[in-house]
Amino acid sequence: MPCPTPSSALLELYWATPEPGEMWKWEAWKNITGVHHGLFPDDDSLLPHGWTRANTKVVKSFFDEYKAQPLSQRLPFSLSGKGSQPHPGKTFWTQWVNKRMSRWGIHDSIINELHEAEAHPMVLTIQESSLPNPTMSSLLFDDHIPHIVIPLTKRLFGDDAFKIPDSEFLPIRFKKGVQALCYRSWDCLRRQIKHLKDKPIEHQKAAEAAFKHLETEKPTKIAINKAMRALRKWQESASLLGLKQNVDAAEEMLAQIQAILEALGAKVKNKVTIKAPQRVPAASLAYLKNMSTPEDIEELMAIYQDYFEGYADDDQELIPDNHDSNTALMQDFDIESADFGMDFEAQKSSNELAHLIGFRHDNLPPIFNKIRHRRGADPWSDPEFSKSKNDLMKNQLYWHQIAAVCSFGRTVFKSTPDASRTPSIRGPGVHVNARSTLRPHFSLPKPSSIL
């Protein structure tokens, strides 16, 4: 049976309202997509971004042919069209939707609703792993997606989707269209979980091989680093799926790592309680200690802390249970009159803010690297950089970082000169006259359109 795609689901939703395409006129959906005049306006200047009149004609033809199909043939037609050659409108429509799905944040919205409903495939898998004979039977689309259709519809389309005021009634056809919109996200998650379920065995073998090398060969900084990296992967995959036997075995290996670091003179915090026999011979540890410099030990501890301790610091003073954080943070402010400069940003997601300021690719500024090294290494200063692929991580900005850039551009810079504002901004090599008109490098809307 063919499976729906985002473009085919949106095509079905177009015909799922009494007035075709009515959803493209609803405020919530317009704010998400940036399409403010429907898909097929008569005025060429109001066409969706990237469309021409010729595109509009072929897409409308594709939509009309879809409607003319028998109900049983609509989905197959939306995926391939008639005959061997796909409809030109189908090709353009699919490409246009696929390019914008990430920007619109549809997948993120689906993920959020799955978490709210405790129906995320990862949650279901962890719950099922505690059963005597765990299977993948819990990851059935029809068992869980219907539970998020109503809240997801409210999130994406707002109250306009519900024709009866103050109710949660949705027409069956529209409800099925929203379910179809969820299918690709659910299938991707299900495949990822299945892949993860196969990973613990692979990671366990890699960790055991790395520790075997420490036992039989003279230990080196590189070998210990490799063992810690392999152990961390196994620990993550085991704990992710709640596999207690593997979690305990990984804890024993962590005890071995801690013993090695202590033998080198390092101070280890948060020691594991499991007692395990030392697998690395004392003579090998003595050899390693004699061959290691203070810089070597410091680097190993930094890697250990990054993998196994994160940012925890036992020396930090604990906050008392009766501490009123709001009072402590806000006591110096007049809450009623204070301007925190983030009122607009607080209503937006990371994807929406990144789109506003022109961070169009992975929510990163232009020319930013899409990956970063776990320990901050770079190819210029570290000759082993090319061999450390396992330490490379996705580079991403947090919400507060993107929001700060947006707030700065929105509140500091204006589209017209204003003599009453701050005369200038100065810094090393920087002199921006705020009284003059500034053309920012990002596509921030005019203040009047977002305030």
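Residues numbered from 1 in each chain as written. Predicted model: local features only at pLDDT ≥ 70, side-chain atom pairs only at ≥ 80, totals over all residues. Heavy atoms only, no water.

Colleague: Teacher, can you tell me more about the nonpolar core here?
Modeller: A general feature of soluble globular proteins is that nonpolar side chains tend to end up buried together. By size, the foremost hydrophobic cluster in this structure holds 51 residues, and its most contacted members are W24, W29, F63, W93, W96 and F157. At seven residues, helix α10 (residues 172-216) tops the list of elements feeding residues into this core. Not counting residues up to four positions away in its chain, the partners in contact with W24 are Y14, W29, K30, T33, V35, G38, L39, W93, W96 and W104. Membership of the second largest hydrophobic core comes to 32 residues, among which are M228, V272, I303 and Y307. (Core = buried A, V, L, I, M, F, W, Y, C linked by side-chain atoms within 4.5 Å. Buried < 20%, exposed > 50% of the residue type's maximum accessible area, 1.4 Å probe, protein only. Helix = DSSP H or I, 4+ residues; strand = E, 2+ residues; numbered from the N terminus. Contact = heavy atoms within 4.5 Å.)

Colleague: For this particular structure, what's the right way to read the layout of surface pockets?
Modeller: If you roll a probe as big as a water molecule over the atoms, it shows you where there is empty space left. Its boundaries defined by the atoms lining it, the largest pocket holds a volume of some 1200 Å³. What lines the largest pocket is a set of 40 residues, among which S102, R103, G105, D108 and N351 lie closest to the centre. Those elements that provide at least two residues to the lining of the largest pocket are α2 (27-33), α5 (88-104), α6 (106-116), α9 (149-157), α10 and α16 (350-356). In terms of residue count, α5 provides more of the lining of the largest pocket than any other element does, seven residues in total. Grouping the constituent residues of the lining of the largest pocket by class yields 14 nonpolar, 16 polar and 10 charged. (1 Å grid on protein atoms, 1.4 Å probe; cavity = no way out; pocket = protein on both sides within 12 Å on 5 of 7 lines; lining within 4 Å. Points joined across faces, edges and corners; volume = space filled by probe spheres on them. Nonpolar A, V, L, I, M, F, W, Y, C, P; charged D, E, K, R; others polar.)

Colleague: Explain the packing of aromatic side chains here, please?
Modeller: The relative placement of two aromatic rings is captured by the distance of their centres and the angle of their planes. Summed over the entire model, instances satisfying the criterion amount to 21 aromatic pairs. In this structure, K60 packs its charged tip against the face of F40, placed 5.9 Å from the ring centre. Here the basic side chain of R74 rests over the ring of Y66, its NZ or CZ set 5.7 Å away from the ring centre. (Phe/Tyr/Trp six-rings, centres within 6.5 Å; stacked < 30°, edge-to-face > 60°. Lys NZ or Arg CZ within 6 Å of the ring centre and 35° of its normal.)

Colleague: Looking at this structure, how should I read the packing of helix α3 (residues 53-68) against α5?
Modeller: For any two helices packed against each other, one specifies the inter-axial angle together with the distance between the axes. Put simply, α3 and α5 touch, their axes get as near as 7 Å, and they point 105° apart. As the angle between them shows, α3 and α5 are arranged roughly perpendicular. Where α3 approaches α5, its residues N55, V58, V59, F62 and F63 are matched on the opposing element by G89, K90, F92 and W93. Here the residues of the contact of α3 with α5 sort into six nonpolar, two polar and one charged. (Axes fitted to C-alpha atoms, helices over the stretch in contact; angles between N-to-C directions. Parallel < 35°, antiparallel > 145°, perpendicular 65-115°, else oblique.)

Colleague: What is the right way to read the confidence of the model for the chain from this model?
Modeller: The predicted coordinates ought not to be read in detail in places where the model reports low pLDDT. Across the chain, pLDDT averages 76, with 72% of residues at or above 70. Overall, residues 311-338 carries pLDDT values under 50, and its contacts beyond four positions in sequence, including any with other chains, amount to eight contacts. When the criterion is pLDDT under 50, residues 425-451 qualifies, and its contacts beyond four places in sequence or with other chains add up to 49 contacts. (pLDDT = per-residue confidence, 0-100.)

Colleague: Explain the pattern of salt bridges to me, please; I cannot follow it from the model alone.
Modeller: Here the idea is simple: oppositely charged side chains can pair when their charged atoms come close. Applying the stated rule across the entire model yields 11 salt bridges. Two residues, E19 and K25, come together in a salt bridge whose shortest N-O distance is 2.6 Å. Residue classification places K25 among the partly exposed positions, given a relative accessible area of 48%. Among the salt bridges present, the one from E113 reaches R155, with a minimum N-O distance of 2.8 Å. Taken as a pair, E113 in helix α6 and R155 in helix α9 lie far apart in primary sequence, 42 residues in all. Take E113: its relative accessible area is 8%, and that puts it in the buried class. The network of salt bridges with common partners includes K221, D296 and E299. (Salt bridge = Lys/Arg side-chain N within 4 Å of Asp/Glu carboxyl O.)

Colleague: It is not clear to me how the packing of α6 against α9 should be interpreted in this structure. Could you clarify?
Modeller: Across the interface, α6 lies against α9 with an axial gap of 10 Å and an inter-helix angle of 145°. Considering the relative orientation of α6 and α9, their crossing is right-handed. Side by side, α6 and α9 meet where I106, S109, I110, N112 and E113 of the first sit next to P151, L152, R155 and L156 of the second. For the contact of α6 with α9, the per-class residue count stands at five nonpolar, two polar and two charged. (Left-handed = near helix turned anticlockwise from the far one by under 90°.)

Colleague: Which parts of the structure should I look at to understand unusual backbone geometry?
Modeller: When glycine is set aside, most residues are seen to have a negative phi, and most peptide bonds are trans. Notably, E118 is not glycine yet its phi reads approximately 55°, a positive angle. Within the element layout of this structure, E118 appears in the loop between α6 and α7 (121-129). On the accessibility criterion, E118 (56% relative accessible area) is exposed. Located in the positive-phi region is N363, a residue other than glycine, with phi close to 60°. Position of N363 relative to the elements: it lies in the loop between α16 and β1 (371-373).

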